[in-house]
Amino acid sequence: PEEDAQRRDFTINGMFFDPVNETLLDFVGGREDLAAGVVRAIGNPVARFTEDKLRMLRAVRFTATFGFSLDVATADAVRALKQQLHQVSVERIAQELKRMLSHPSRDQAFQLLQDTSLLADVLPEVCEDNAAGQADLISIGQTLRHLESTRFEPAFALILKSLHSPVAQSVVRSGSSPAVGVCRRLKLSNEETDCICWLLESLPVLQEIRNQALHVRKPLLAHSHFELLLQVSAAIAAAENREPTDVRFCRDYLSSLIGDELCPPPLVDGQDLKALNVPGGPAFRVLLSTIRNEQLDEILTTRTSALLRLRELVNAGAVG
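Residues numbered from 1 in each chain as written. Predicted model: local features only at pLDDT ≥ 70, side-chain atom pairs only at ≥ 80, totals over all residues. Heavy atoms only, no water.

In the structure shown here, the tally under the stated rule is six aromatic pairs. Seen from their ring centres, Phe62 and Phe66 are 6.0 Å apart, and the 15° between their planes marks the pair as stacked. In this pair, Phe62 and Phe66 both sit in helix H4 (residues 55-66), four residues apart, roughly one turn of the helix. Centroid distance Phe66 to Phe68: 5.5 Å. Interplanar angle 45°. Geometry classified as tilted. One aromatic cluster in this structure is built from Phe10, Phe49, Phe62, Phe66 and Phe68. Of note, Arg217 hangs over the ring of Tyr253, and the distance from its end group to the ring centre comes to 4.7 Å. (Phe/Tyr/Trp six-rings, centres within 6.5 Å; stacked < 30°, edge-to-face > 60°. Helix = DSSP H or I, 4+ residues; strand = E, 2+ residues; numbered from the N terminus. Lys NZ or Arg CZ within 6 Å of the ring centre and 35° of its normal.)

All right, on to the packing of H4 against helix H7 (residues 106-115) then. Orientation of H4 relative to H7, taken along the N-to-C sense of each, is 140°, at an axis distance of 9 Å. On the basis of the axis angle, H4 is oblique to H7. The handedness of the crossing between H4 and H7 is right-handed. Seen from H4, the contacting residues are Leu57, Val60, Thr63 and Ala64; seen from H7, they are Gln108, Ala109, Leu112 and Leu113. By residue class, the composition of the contact of H4 with H7 is six nonpolar, two polar and no charged. (Axes fitted to C-alpha atoms, helices over the stretch in contact; angles between N-to-C directions. Parallel < 35°, antiparallel > 145°, perpendicular 65-115°, else oblique. Left-handed = near helix turned anticlockwise from the far one by under 90°. Contact = heavy atoms within 4.5 Å. Nonpolar A, V, L, I, M, F, W, Y, C, P; charged D, E, K, R; others polar.)

Another point: the pairing of strand S2 (residues 23-26). Strand direction decides the pairing type here: strand S1 (residues 15-18) and S2, joined by four bridges, are antiparallel. The partner of Met15 across the bridge, within S2, is Asp26. What sits between S1 and S2 in their antiparallel hairpin is a turn of four residues, with Glu22 showing a positive phi close to 55°. (Pairing = 2+ DSSP bridges.)

Oppositely charged side chains may form a pair once their charged atoms are brought near each other. In the structure shown here, the tally under the stated rule is 24 salt bridges. The salt bridge partner of Glu51 is Arg48, with a shortest N-O separation of 2.7 Å. You can see Glu51 and its partner Arg48 sitting in helix H3 (residues 45-51), three residues apart, about one turn around the helix. For the salt bridge of Arg210 with Asp246, the shortest nitrogen-to-oxygen distance reads 2.9 Å. With Arg210 in the loop between helix H13 (190-207) and helix H14 (214-222) and Asp246 in helix H16 (residues 245-256), the pair connects residues that are 36 residues apart, well separated along the chain. Here the residues in one salt-bridge network are Asp33, Arg40 and Asp71, joined through shared partners. (Salt bridge = Lys/Arg side-chain N within 4 Å of Asp/Glu carboxyl O.)

Treat this as a map of the structure, not an account of what it does.
Spelled out as structure tokens, the structure:
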């Protein structure tokens, strides 16, 4: 057991329990560090991190999660070896980031990543492309502190928010967005990437939610990630010391709806287009989208009115 303990990462993880004698075996000072709230590498921290470079990120995660302090010598070893983190697979690095960002202590983890100089190696895009520099990093930390979520995607969206240009939302899903580039570099799943990008795309829309047409507002509120979007918006408002008016507006609007008003069944479908001899292809999408938008805008309220409008669009050559 003593030899085994010397090969483990941190003193608080190096204790054993003897179930026969019901005694604690501590060869590395783990009990004292646990009581003092200290994350300390066992033995020589450089040797421990050289054995497994991911331990540097684990040191940050444990320190933040438990609300402990990071031992000075251990932190110094992280700074000295941080560039070796690139030897670790991005999948393992991403997994540690997910664990950090899904925990309520995510703001402390983000600060520790900066203090240990790991942030520039884990998320170089955020450090290199951040025009406001340290001021924006401080703002990110403050916003993360107010985020109430058990998911990592909202936190990651807040971190990548500085990379996302609202003017260029159309490039997000084409893969040319810096935020998409970070997600792909970390090999996040398509579902995770889509969620993060949707949050970034939707934030500017939410900020103008009162002025949005119903066909823009309703799909946003009906989206499966809408609650995550409200969490992000509320965190930003709290960090900026202002009321979450957009969040409240959405809550009030949702409570005012009755039945399926938010997402009513479509009034027309592809069969109706075929009955009017509309050729397949882009024409279908344009016509169905037009009718759907007018339905959500509450211009068309019955199937009869929708069919008349559809025939009108077809006769007018609305699809070219």
